[in-house]
Structure formats: structure tokens, C-alpha cells
Amino acid sequence: MELDDSYGNRSVTITKDLPAGLTCVRLCEWTDQPCGLYVEMNEDRITNHLDNWHGIGARQKVTCKVQGCTDTSAIGHIGRHIATVHYSTTCQCFYCDTLWSRSDAVTRHQKTCTSFKSAKREAARARRKFKRQTKKVLTGYIVPARDAA
């Protein structure tokens, strides 16, 4: 994915879903073979990028090549590792705004979150359908989405 230069150096943090046609990207920081490409902030896109541009194949154990990191993960988890550790992708409880590293951590937290329980009780009292919600927090460049395989 190439970054449109007209967007300049405007890195932002978002906590809402992006409108259709926009995506959040960050510069690839893989150091053994710098590619200079921007990667969409999504575990699957990061994993696909590492496979396509850096030769990291499926089922390999790989040492993270982001500067200063020595974490070793299976390729199936390296995208998640990079997104959460290096690209500051976090999740936020919709009800109390507490930040967590991943959505599964938010789900576990919500089992004891008083704000979540209160919202759930209020919905039941009002006979409204209640749906558990999580906000994803991304930091990067917001750009028009392009089909990038």
C-alpha cells in the first residue's frame, strides 16, 4: 500500500470505526529487509505483508525484527504481536473507557466491569436488546482505502 503524499505527517489516534473508504496505516518497521511500505493496522494484513514482502512463511517460528524487540512468535501470532506491541493497537471498554491490549482481554474485563453490568441491567429494564461493545484504538495515518492484497 502506498501512502498518498497529500496527507502529510498527520498521525492520529482513533477510537471509532472509520467511515467506509478509509483505513489506518503505519510504516512497516521490519528491520532486516526494510520495504518502505505502509501496512494496514490489522493483524491479518500485517501477517500477509510479512509473508508477501519479507518471506515469513506460514507455520514458521520467527523472531520479531522490529528494532529492539527479541520476541519469538509463531507466524500466526506475529501480526497480533506487531499490532498490539509495536503499533499501539489497543482495545477500550465501551462502558468504562479502560484500555486493554486485545479484545479478548476487554471481554474478560467486562465480566467484572460495574459500568458494563449497569448498562446491561438498564437495557433489560427498558426491554432493549443489549450488545456487548468494544472500541478499537488505532494510532496511524488515516488514508483512503485501496485494495491491497
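Scroll up to find the structure.
Caption draft 1: Region of interest: the environment of threonine 31. Take threonine 31: it is sitting in the loop between strand E2 (22-27) and strand E3 (38-40). Threonine 31 gets classed as partly exposed once you look at its relative accessible area, which sits at 42%. Sequence spacing of threonine 31 and glutamine 67 is 36 residues, and the spatial spacing of their C-alpha atoms is 6.4 Å. In this view, threonine 31 contacts Lys65, Val66 and Gln67; residues no more than four positions away in its chain are not counted. At 2.4 Å, the side chain of threonine 31 and the backbone oxygen of lysine 65 are in polar contact.

Caption draft 2: Seen up close, the packing of aromatic side chains. The final tally for this structure, using the stated rule, is 4 aromatic pairs. Judged by centre distance (5.2 Å) and plane angle (70°), the rings of tyrosine 95 and phenylalanine 116 are edge-to-face. A residue pair is termed long-range when its members are at least 10 positions apart, and tyrosine 95 in the loop between strand E6 (90-93) and strand E7 (99-100) and phenylalanine 116 in helix H4 (residues 114-125) qualify at 21 residues. The pair formed by tyrosine 95 and phenylalanine 116 is uniform in burial state, with each residue classed as buried. Among the aromatic residues, those joined into a cluster by ring pairs are Phe94, Tyr95, Phe116 and Phe130.

Caption draft 3: Geometry of unusual backbone geometry. The residue aspartate 97 is not glycine, and still its phi comes out positive at about 65°. With respect to the secondary-structure elements, aspartate 97 resides in the loop between E6 and E7. Residue classification places aspartate 97 among the partly exposed residues on the basis of a relative accessible area of 42%. Positive phi values are uncommon outside glycine, yet arginine 127 reaches one of about 60°. Its place among the elements puts arginine 127 in the loop between H4 and strand E8 (134-144). With relative accessibility at 78%, the residue arginine 127 sits in the exposed group.

Caption draft 4: Quick peek at the pattern of salt bridges. Evaluated as defined, the whole model comprises 5 salt bridges. With a shortest N-O distance of 3.0 Å, lysine 135 and aspartate 97 are connected by a salt bridge. Placement of the pair is lysine 135 in strand E8 and aspartate 97 in the loop between E6 and E7, with a sequence separation of 38 residues. Here arginine 125 makes a salt bridge to glutamate 122, at a shortest N to O gap of 3.2 Å.

Caption draft 5: Quick peek at the pairing of E2. Examined bridge by bridge, E2 and E8 share 4 bridges and lie antiparallel to one another. If you follow threonine 23 over to E8, its bridge partner there is valine 143. Taken together, the 3 bridges between E2 and E3 define a ladder with antiparallel strand orientation. In the sheet register, leucine 27 faces E3, and the bridge partner there is tyrosine 38.

Caption draft 6: Geometry of the nonpolar core. Counting 18 residues, the largest nonpolar core has Trp30, Met41, Ile46, Leu50, Cys64, Ile78 and Ile82 as its most contacted members. Looking at this core element by element, the count peaks at 3 residues for helix H2 (residues 75-86). Not counting residues within four places of it along the chain, the set of residues in contact with isoleucine 46 comprises Val39, Glu40, Met41, Gly79, Ile82, Ala83 and Tyr87. By size, the runner-up hydrophobic cluster in this structure holds 6 residues, among which are Cys91, Cys93, Tyr95 and Cys113.

Reading the values: rules and limits
Residues numbered from 1 in each chain as written. Predicted model: local features only at pLDDT ≥ 70, side-chain atom pairs only at ≥ 80, totals over all residues. Heavy atoms only, no water. Helix = DSSP H or I, 4+ residues; strand = E, 2+ residues; numbered from the N terminus. Buried < 20%, exposed > 50% of the residue type's maximum accessible area, 1.4 Å probe, protein only. Contact = heavy atoms within 4.5 Å. Polar contact = N/O pair within 3.5 Å; in protein donor to acceptor, adjacent residues only side chain to side chain. Phe/Tyr/Trp six-rings, centres within 6.5 Å; stacked < 30°, edge-to-face > 60°. Salt bridge = Lys/Arg side-chain N within 4 Å of Asp/Glu carboxyl O. Pairing = 2+ DSSP bridges. Core = buried A, V, L, I, M, F, W, Y, C linked by side-chain atoms within 4.5 Å.

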